Amino acid sequence: MKRILITGGAGFLGSHLAERLLKEGNHVIALDNFFTGSRANVLHLLSNPYFELVRHDVTQPYFAEVDEIYNLACPASPVHYQYNPIKTIKTSVLGAVNMLGLAKRVNAKVFQASTSEVYGDPAVHPQVESYWGNVNPIGIRACYDEGKRCAETLFVSYHAQNKVNIRIARIFNTYGPRMDIGDGRVVSNFIVQALQNKPITVYGKGEQTRSFCFVSDLIEGFIRLMHAPDTCTEPVNLGNPGEFTILELAEKVIKLTGSKSQIVYEPLPQDDPMQRKPNIEKAQSLLQWQPKIQLEEGLTQTIQYFEEKLKAQKA
Ligand code: NAD
Ligand code: UDP
């Protein structure tokens, strides 16, 4: 039985990862400061004797004898990471230092949840891992983008200097059940708005594109990357290459929910990337991984989840 630490373990992705690792017979310690995550996300795991939930902030050192660390702690929604930009940078940078220090001390393998945001508003399309990106270092997204870029630098430096065994996943937009209703990301916003027959808020003209990966596919990618040979220390894109405009997403959500919602157009936030689509050839060849769940199927499952959530809120 392996002992596995997940930072951000009570968040959207962290809770799915914890569930999967417990199913595989591991002992899981989930660390979280509950900024965007919640006990509710892992309530169903609390009775498992091999699951521990610890309130802890990754900007502070943490010690535990573990075999593997998944470093997921960091708010992922622009609304939340822009709420306290200094804290966001500290979470990415000090969190990485603390988890790499722990990995070095206890000889654990450590995985970084990096992001497609390291490519910024990309001039290369689709995005390949060798592209260095186009990030505004002083814009409103910089606290997240530059924090994550610095975390990648820390990971490769600890590997080069201290032989820490690292993995880096560059995650593209992922969605699914257990996203928070008030999370602010596009999939949860549109579904909740549609289910309530409220206006669907498209920012800009909705011509910007994103590629949406369903959560179960992503978690499979995490596990494969963690188990890949120790030579796989370079960043690997994980995402679904299906590319959609935000307007297409809005139309799909309206169709699948049968909603009466109208689309309304709101200003495009500063530095909002115009296009995003992963090149996943590296993940395909290194991990034999590719996503299986296409957008309509994933949206249908996510809509069902939010329907139940909204019903429970009313009751
Ligand atoms: P989330 O906001 O649901 O989860 C983040 C978790 O980290 C939350 O439980 C939050 O409370 C916790 N957290 C935040 N700051 C912390 C701190 N200082 N100390 C301890 N815990 C802290 O978001 P998510 O979608 O589950 O994202 C998980 C990770 O994956 C993040 O690092 C994010 O940057 C990365 N990622 C996610 C996506 C995506 O589309 N979901 C895309 C790219 C990268
Ligand atoms: N977006 C939108 N309406 C919303 C929320 C987001 O049009 O209610 C757009 C946003 O401007 C961006 C895309 O949807 O172009 C994805 O936004 P999200 O916050 O999910 O993540 P991002 O990929 O920008 O980090």
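Whatever comes next refers back to the structure up there.
Let me begin by describing the structure that accompanies this report. Note that the structure is predicted; figures quoted are calculated from it, not measured.

Summing up its helical and strand segments, the protein chain has ten helices and 13 strands in all. In summary, the protein chain has a C-alpha radius of gyration of 19 Å against a globular reference of 20 Å for 315 residues, a match within 12%. With respect to the three principal axes, the spread of C-alpha positions in the protein chain is 55 × 45 × 40 Å. The 315 residues of the protein chain split such that 55% are buried. When contacts within the protein chain are restricted to residue pairs at least 6 apart in sequence, those whose partners lie at least 24 apart make up 82%. Looking at charge distribution, the protein chain has the averaged site of its 33 positive side-chain charges lying 4 Å from that of its 32 negative ones.

This part covers the site of ligand 2. Taken together, 17 residues surround ligand 2, and among them Thr201, Tyr203, Arg210, Asp272 and Arg276 come closest. Between ligand 2 and Tyr203 there is a distance of 2.8 Å, counted from an oxygen atom to a backbone nitrogen or oxygen. Interatomic distance of 2.7 Å between a side-chain N/O atom of Arg210 and an oxygen atom of ligand 2. Within the complex, 95% of the 520 Å² of free accessible area of ligand 2 lies under protein. Contributing elements (two or more residues each) for the shell around ligand 2: helix H6 (186–195) and strand E8 (200–203).

Bringing the sheet that holds strand E1 (residues 3–7) into the picture now. Sheet architecture is open: seven strands sit in the order E3-E2-E1-E4-E5-E6-E11, paired in parallel fashion. Because the sheet does not close on itself, it has two edges, and the strands there are strand E3 (51–55) and strand E11 (235–238). Each neighbouring strand pair of the sheet contributes to a mean axis angle of 20°, computed without reference to strand direction. Note that E1 and strand E4 (residues 68–71) share four bridges and pair parallel. Bridge pairing in E4 places Leu5 opposite Ile69. In the packing of helix H4 (residues 85–106) onto the sheet, the strands contacted are E1, strand E2 (27–32), E4, strand E5 (109–115) and strand E6 (166–171), and the crossing angle to E4 comes to about 175°. Strands in contact with helix H5 (residues 142–162) are E5, E6 and E11; relative to E5, the strand with the most contacts, it is inclined by about 155°.

Definitions and limits used
- Residues numbered from 1 in each chain as written.
- Chains lettered and ligands numbered in written order.
- Predicted model: local features only at pLDDT ≥ 70, side-chain atom pairs only at ≥ 80, totals over all residues.
- Heavy atoms only, no water.
- Helix = DSSP H or I, 4+ residues; strand = E, 2+ residues; numbered from the N terminus.
- Rg over C-alpha atoms; globule rule 2.2 N^0.38 Å.
- Buried < 20%, exposed > 50% of the residue type's maximum accessible area, 1.4 Å probe, protein only.
- Contact = heavy atoms within 4.5 Å.
- Lys, Arg positive; Asp, Glu negative; His and termini not counted.
- Charge placed at Lys NZ, Arg CZ, Asp CG, Glu CD.
- Near = heavy atom within 4 Å.
- Polar contact = N/O pair within 3.5 Å; in protein donor to acceptor, adjacent residues only side chain to side chain.
- Areas by Shrake-Rupley, 256 points an atom, 1.4 Å probe, with all protein chains shown as cover.
- Pairing = 2+ DSSP bridges.
- Axes fitted to C-alpha atoms, helices over the stretch in contact; angles between N-to-C directions.

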